[in-house]
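Chains, contacts and geometry: an overview
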There are 2 protein chains.
Amino acid sequence: MASKKISMAVIKRLPRYHRFLDYLLELGIKRVSSKELSTRMGITASQIRQDLNCFGGFGQQGYGYNVESLFSEIGNILGINKTFYAIIIGAGNMGRALANYGNFDKRGFNIIGVFDVNPEVIGKKINNMEVMSLNNLDEFILQNKVDIAVLCIPYKETASIADRVAKLGVKGLWNFSPMDLKIPYDVVVENVHLSDSLMVLGYKMNDRFER
Amino acid sequence: MASKKISMAVIKRLPRYHRFLDYLLELGIKRVSSKELSTRMGITASQIRQDLNCFGGFGQQGYGYNVESLFSEIGNILGINKTFYAIIIGAGNMGRALANYGNFDKRGFNIIGVFDVNPEVIGKKINNMEVMSLNNLDEFILQNKVDIAVLCIPYKETASIADRVAKLGVKGLWNFSPMDLKIPYDVVVENVHLSDSLMVLGYKMNDRFER
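Worth saying up front: this structure is predicted, and the values here are computed from it rather than measured.

**Regarding the interface of chain B and chain A**
Counting residues at the interface gives 69 residues for chain B, matched by 69 residues for chain A. Roughly 6,900 Å² is buried in total at the junction of chain B and chain A, and carbon and sulfur atoms are behind 64% of that figure. Counting the contacts that link chain B with chain A gives ten salt bridges. When the shortest N-O distance is used, the salt bridge between Asp186 of chain A and Arg208 of chain B registers 2.8 Å.

**A look at the layout of surface pockets**
In this model, the largest pocket occupies a volume close to 1,100 Å³. Those elements giving two or more residues to the lining of the largest pocket turn out to be α1 (8–26), β10 (188–191) and α8 (194–209) of chain A together with α1 (8–26), β10 (188–191) and α8 (194–209) of chain B. Taken together, the residues of the lining of the largest pocket sort by class into eight nonpolar, six polar and 15 charged.

**Re the sheet that holds strand β8 (residues 148–151) of chain A**
Whenever strands of a sheet pair, they do so through backbone hydrogen bonds, lying parallel or antiparallel. One open sheet holds the six strands; their spatial order is β7-β4-β3-β8-β9-β10 (chain A), and the pairing between them is parallel. Where the open sheet ends on each side, the last strands, each with one partner, are β7 (132–133) and β10 of chain A. Of the strand pairs in this sheet, strand β3 (residues 84–89) of chain A and strand β4 (residues 109–116) of chain A are connected by six bridges, and their pairing is parallel. Bridge pairing in β4 of chain A places Ala86 of chain A opposite Ile111 of chain A. The sheet contacts of helix α7 (residues 155–167) of chain A involve β3, β8 and β9 (172–175) of chain A, and relative to β8 of chain A the element is tilted by about 170°. Set on the sheet, α8 of chain B makes contact with β3, β4, β8, β9 and β10 of chain A; between it and β10 of chain A the angle comes to about 170°.

**Some points on the packing of α8 of chain A against α1 of chain B**
Their axes nearest at 9 Å, the elements α8 of chain A and α1 of chain B cross at an angle of 130°. Classed by the angle they form, the pair α8 of chain A and α1 of chain B counts as oblique. In the crossing of α8 of chain A with α1 of chain B, the sense of the turn from one axis to the other is right-handed. Contact residues: Asp196, Met199, Val200, Tyr203 and Lys204 of chain A in α8 of chain A; Met8, Ile11, Lys12, Pro15, Arg16, His18 and Arg19 of chain B in α1 of chain B. For the contact of α8 of chain A with α1 of chain B, the residue count by class is six nonpolar, one polar and five charged.

**Observations regarding the relation of the copies chain B and chain A**
Superposing chain B onto chain A takes a rotation of 180° combined with a translation of 0.0 Å along the rotation axis, leaving an RMSD of 0.0 Å. The superposition operator between the copies reduces to a two-fold rotation axis. Among all C-alpha atoms of chain B, that of Ala97 of chain B lies closest to the rotation axis, at 2.8 Å. The residues that chain B uses at the interface reappear at the interface of chain A in 100% of cases, marking a shared surface.

**Considering the packing of α1 of chain B against helix α2 (residues 34–41) of chain B**
Residue and element names in this part refer to chain B. Running from N to C, α1 and α2 cross one another at 105°; their axes reach a closest spacing of 12 Å. Compared by their axis directions, α1 and α2 come out roughly perpendicular. Every residue of α2 that contacts α1 at Arg16, Tyr17, Phe20 and Tyr23 is listed here: Leu37, Arg40 and Met41. Residue classes in the contact of α1 with α2 are distributed as five nonpolar, no polar and two charged.

**Let's talk about the packing of aromatic side chains**
In total, this model carries 16 aromatic pairs over all chains according to the counting rule given. Relative to Phe140 of chain A, the ring of Phe115 of chain A has its centre 5.4 Å away and its plane inclined at 75°; by these criteria the two rings are edge-to-face. Within this pair, whereas Phe115 of chain A is found in strand β4, its partner Phe140 of chain A is found in helix α6 (residues 137–143), the two being separated by 25 residues in sequence. One exposure class covers both Phe115 of chain A and Phe140 of chain A, and it is buried. Ring geometry for Tyr155 of chain A against Tyr23 of chain B: centres 3.9 Å apart, planes inclined by 15°, an arrangement best described as stacked. One end of the pair, Tyr155 of chain A, is in helix α7; the other, Tyr23 of chain B, is in helix α1, on a second chain. Of the aromatic side chains, those joined through ring pairs into one cluster are Tyr101, Phe104, Trp174 and Phe176 of chain A.

What counts, and at which threshold
- Residues numbered from 1 in each chain as written.
- Chains lettered and ligands numbered in written order.
- Predicted model: local features only at pLDDT ≥ 70, side-chain atom pairs only at ≥ 80, totals over all residues.
- Heavy atoms only, no water.
- Contact = heavy atoms within 4.5 Å.
- Buried area = accessible area lost by both parts, 1.4 Å probe.
- Salt bridge = Lys/Arg side-chain N within 4 Å of Asp/Glu carboxyl O.
- 1 Å grid on protein atoms, 1.4 Å probe; cavity = no way out; pocket = protein on both sides within 12 Å on 5 of 7 lines; lining within 4 Å.
- Points joined across faces, edges and corners; volume = space filled by probe spheres on them.
- Helix = DSSP H or I, 4+ residues; strand = E, 2+ residues; numbered from the N terminus.
- Nonpolar A, V, L, I, M, F, W, Y, C, P; charged D, E, K, R; others polar.
- Pairing = 2+ DSSP bridges.
- Axes fitted to C-alpha atoms, helices over the stretch in contact; angles between N-to-C directions.
- Parallel < 35°, antiparallel > 145°, perpendicular 65-115°, else oblique.
- Left-handed = near helix turned anticlockwise from the far one by under 90°.
- Least-squares fit on C-alpha atoms with pLDDT ≥ 70 in both.
- Phe/Tyr/Trp six-rings, centres within 6.5 Å; stacked < 30°, edge-to-face > 60°.
- Buried < 20%, exposed > 50% of the residue type's maximum accessible area, 1.4 Å probe, protein only.

Shown next, in the form of structure tokens:
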């Protein structure tokens, strides 16, 4: 499998290329040079050539890259052609937003269930899915193929819920809770901490503009 | 200003300490050793001592850190005691979620306006704020103190909106659009790309479990 040889640093840049190429496709642009990619994306042209060469590249001297094949090749490497089934745990603001967000579907991530503990929320519909009680979580995971649990829950619940779903065979955690998850299971975790990003923004603004 | 000397690498870790200390305070825990921080946070004890020493530290041999003073000192460095006024541009799923998310308030970020172009959304209330028309954006920024614009808009709108608010004096952009913003103004930008994180999660799962 060719993608095995690609370093994680390159992998982390691939979604960025993918987003930009998606936009070019939307505009009907068929080819793009590494120089154009560089100007528009703020990555050096040599870095771009190096990144894209990692998986065979598609650039031709004087022609550039074919936008569509580059887009689909990057999608293949990222595994977008594969389907993941995900559940959202916690139907607060973030959980609801993610459940409603259509853009994940087109990247192969299907949300098949939403769970909460709040009796006022259980049974309500979000994006045509009825919010289920957390009491039914284990049963649901055992009866359905669940690859990813999206955690939108408070700090104190995070470790035990992560533990619980991992033991039931969930292999990926997309974690929006304030806790940085490191669990001793064979699970892949991506932590997303929105307020960290906001605090760093605030710090940079204070620092730069001496507010 | 002491914080000027702290490196960006340390600054980026501070929100993480802040979140964890917030949790300890919630539990009523008054002091914590670097070893405990290390075990719970997955950062080495020596890294923690080094990080916290950057701003004078508060650790005492055999006593550890005073949770409350460390929490408030980190908050000061991050500028949480200062108030930022933010507007949200784009009242789609992400914009709505952020408008409803109470946690930013307690970090000093006040959302004072939400804008959209969709006539079906304009005039509707989100978290007690009436969604305004994008036609009124310039007027609103000129008449109110707006520090940060939160961009929850499509790729093709991002550059022009960023340009427009920056020219009106907005100093910070928290960018959730698919575009990686690099604008030639005196503005601080934090890009958040949720689908990138999801795609990296998918890649790691494919790679690790050979799905």
